[in-house]
Amino acid sequence: MARTRATATTTVPPPSVVDADPAPPPSLPSEEHSNRTDDRPWTRNFKLSIGARNKTPFLDGSLPQPSPTDSLFTSWIRCNQMVMSWILHFISPEIKSNIMYLDTVAEMWTVLNNRFNQGNGPRIFELNELLTYLHQGDDSVSAYFTKLTAMWNEIHQLRPRIPCTCAAAAQNQKQINHDQVLQFLKGLNDSYHAIRDQILLIDPCPSLNNVFSMCVEHGSGRKTTIGTKKSIIINSSSKGHHMTMDDPSLKVFFTPKDLKIQNTFPIYFPAKNLSHSPRFLTREESDSIPFSSSKLPFLLDFFSFPKESPQAKAIEYTLKQCELEPIQGETRFCVSTLESMLDFTSNLFGPGVRFRVLTTTPLKNTSTQLQNYTISGEPKEVFAPIMLGCHTMPYPYAVFYCHSPGKESENKVFQVSLEGANGERVEAVAICHMDTSRWDRDHLSFRVLGIEPRSSPVCHFFPWDNLVWVPLTSST
């Protein structure tokens, strides 16, 4: 039986649609909707919560207001006001003032959509760009796989595939699975090259979940792991032959003119995962293990790494970097104990000089390694007559490559407040090398910045696990 509404003729809704619940459902979004909140997760969460209470017709306007003579009029008004109150409760005061005097849920929802829905195209583009550069890095296989699947699922939600029941549907699904398997394997660390090669030889291609399980099992069976991330050591001779220009970890360079409040540019910060960080040795342990490229065969046998393995190459790379001769006026050394680092720092700064360490600090664990960051506060220069930068190196235990350009160098240290495109905030440490005239012409920073070699100062941000030591002065 049909009833007449004020705005349309519809079928009588199920009673549950116009039943008023006494309180907001517990599954409503806990985060307030604001101008700074990504609209898509909040909107989806709210729609799911409202749908669970069978109130979606109030959002989309498919249940218009009945006439005052209709028996459901009072119930409809009560439900409409209830859902309106839920919306007002979970939005910021700034937005609330724009919609609180509207009469229906549908009107409120339309205004919110018109204000914040910018279309799916930019987000799909952003997700595909992130997928291009996503690598395992310091993440576990599980964490890396979770990031990948989250991005794939969001793209599918924003751009659903057209349902297909034709004969080619199964083949199409196999192709999608194959593409995802290849993308997952491509981003794994080099330490998974053996299992990756095995999987690529399997025909037909196994399911994505089976591939994930095989990689997890392979990872849990390894004896020792070394982080295979590419370490960027910023010194006068950094040619970066082990990197390509599309490597996202090179997105750390900039020039002093970029260091302005509200300036935005892409920056790479590796994910912070203390559980994967190697530990310092004690002084006794360090003294008992040789640290020399001449002892490489012994070290590979000692740590049980095959000669051609990625771990072996990482050990060799670290040893060679630590044996490089410093340029004129520069001090270089590698340390594997905290005591050694403090001793070397104290000797560099001089007797009786107190010093402190500066680090890049994410205000919460970052989930996005490469994104646009905006300088949110005036950069603060840390005035220091001399500084010492220490970079983590890939090795079975903690090794830091430390170097100082000396007191005669023209370097500047800055503390910079950054805010990412996804709202994540980072208190970053940056170094500006004001004189690059003696740097190698093939220095990777010149290529990344696209500037004439030795023609401009070069700045770079420090990752969270790198250290900058500066003497304590009245200004620091």
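For the chain, an unreviewed UniProt entry supplies the name BURP domain-containing protein and the organism Cannabis sativa.

## Notes on the nonpolar core
Soluble globular proteins tend to pack their nonpolar side chains together in the buried interior. Val141, Leu148, Phe184, Leu185, Leu188, Val211 and Cys215 are the most contacted members of the largest nonpolar core, which totals 23 residues. Secondary structure elements with two or more residues in this core: α6 (121–133), α7 (141–158), α8 (169–186), α9 (193–200) and α10 (208–220). Looking at this core element by element, the count peaks at eight residues for α7. Excluding residues within four positions of it along the chain, Leu148 makes contact with Leu131, Leu134, Gln183 and Phe184. Counting residues in each nonpolar core, the second largest holds 22 residues, with Trp42, Cys79, Met84 and Trp86 among its members.

## Structural notes on the environment of Asp247
Tracing the backbone shows Asp247 in the loop between α10 and β3 (253–254). With a relative accessible area of 11%, Asp247 lands in the buried category. As for Asp247 and Tyr268, which are separated by 21 residues in sequence, their C-alpha atoms are 9.9 Å apart.

## Focus: the environment of Thr473
Tracing the chain through its elements places Thr473 in the segment after β15 (467–471). In the structure, Thr473 is positioned 90 residues away from Phe383 in sequence and 8.1 Å away in space, judged by C-alpha atoms. When neighbours within four sequence positions are excluded, Thr473 is seen to be in contact with Phe383 and Pro385.

## Looking at the sheet that holds strand β10 (residues 388–393)
A sheet is described by the order of its strands in space; here five strands give the open sequence β5-β11-β10-β15-β6, paired in antiparallel fashion. A single partner strand is all that each edge strand has here, and the edge strands are β5 (331–335) and β6 (355–358). Within this sheet the neighbouring strands show an average axis-to-axis angle of 20°, counted without direction. Judged from the four bridges that link them, β6 and β15 form a sheet pairing that is antiparallel. Bridge assignment links Val357 to a residue of β15, and that residue is Trp469. Across the face of the sheet, helix α13 (residues 310–322) comes into contact with β5, β10 and β11 (399–404) while running at roughly 25° to β11. Relative to the sheet, helix α14 (residues 338–349) contacts β5, β6, β10, β11 and β15, its axis offset from that of β15 by approximately 40°.

Rules behind the numbers
- Residues numbered from 1 in each chain as written.
- Predicted model: local features only at pLDDT ≥ 70, side-chain atom pairs only at ≥ 80, totals over all residues.
- Heavy atoms only, no water.
- Core = buried A, V, L, I, M, F, W, Y, C linked by side-chain atoms within 4.5 Å.
- Buried < 20%, exposed > 50% of the residue type's maximum accessible area, 1.4 Å probe, protein only.
- Helix = DSSP H or I, 4+ residues; strand = E, 2+ residues; numbered from the N terminus.
- Contact = heavy atoms within 4.5 Å.
- Pairing = 2+ DSSP bridges.
- Axes fitted to C-alpha atoms, helices over the stretch in contact; angles between N-to-C directions.

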